[in-house]
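Geometric and topological summary
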Amino acid sequence: MELSWLLFVLLSLATYRLTRLIVYDKITWFFRKMFHEIVEEEVDGVPTQYLKIKGRGFRKWIGELLSCYWCTGIWCSIFLFVGFYLFQAIFFPIIVVLAIASAQGIIETILEK
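Residues numbered from 1 in each chain as written. Predicted model: local features only at pLDDT ≥ 70, side-chain atom pairs only at ≥ 80, totals over all residues. Heavy atoms only, no water.

Assigned secondary structure in the protein chain consists of five helices and two strands. The order of α-helices and β-strands along the protein chain, N terminus first, is α-α-β-β-α-α-α. Over its C-alpha atoms, taken along the principal directions, the protein chain stretches across nearly 55 × 40 × 20 Å. The long-range share in the protein chain, meaning contacts at least 24 apart out of those at least 6 apart in sequence, stands at 52%. For the protein chain, the accessible area works out to roughly 8300 Å², and carbon and sulfur atoms hold 68% of it. The average position of the 11 basic charges and that of the 10 acidic charges among the side chains of the protein chain differ by 7 Å. (Helix = DSSP H or I, 4+ residues; strand = E, 2+ residues; numbered from the N terminus. Contact = heavy atoms within 4.5 Å. Areas by Shrake-Rupley, 256 points an atom, 1.4 Å probe, with all protein chains shown as cover. Lys, Arg positive; Asp, Glu negative; His and termini not counted. Charge placed at Lys NZ, Arg CZ, Asp CG, Glu CD.)

Applying the stated rule across the entire model yields zero disulfides. Looking at the unpaired C76, the closest cysteine sulfur is the one in C71, lying at 11 Å. (Disulfide = S-S within 2.5 Å.)

Moving on: the packing of aromatic side chains. Counted under the stated rule, the structure contains eight aromatic pairs. On the basis of an interplanar angle of 65 degrees and a centroid distance of 5.5 Å, the ring pair of F31 and F35 is categorised as edge-to-face. On the accessibility criterion, F35 (12% relative accessible area) is buried. (Phe/Tyr/Trp six-rings, centres within 6.5 Å; stacked < 30°, edge-to-face > 60°. Buried < 20%, exposed > 50% of the residue type's maximum accessible area, 1.4 Å probe, protein only.)

Residue D44 is not a glycine yet carries a positive backbone phi of 55 degrees. Assignment of secondary structure puts D44 in the loop between β1 (36–43) and β2 (46–53).

As a further point, take the pairing of β1. Taken together, the eight bridges between β1 and β2 define a ladder with antiparallel strand orientation. Paired with I38 across the strands is L51, a residue of β2. Here β1 folds back onto β2, and the loop between the two strands holds two residues, one of which, D44, carries a positive phi near 55 degrees. (Pairing = 2+ DSSP bridges.)

Here it is in structure tokens:
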């Protein structure tokens, strides 16, 4: 099957949204907190927060992956691309919904400025 420009755009937008969902959105914090911890310290009287990766081995690897937008994006693109080609009936609606949500987010960001 040939990758059309429309499918490429849909997959790109869907990957963008899925990656942001996993790495940044509050709704997925329940998942990230298994691998991340937010540590608060006071530096020169100013409260500062930073991300601490939990665990060792595989758990630490997943935590590092989830803290890297670029790394997570690669795995999300592989997941969506392979899923689409193996299970089109299941993945196509998911890709379209993620792409629509992505486009909405981009439009909202542009309009806010």
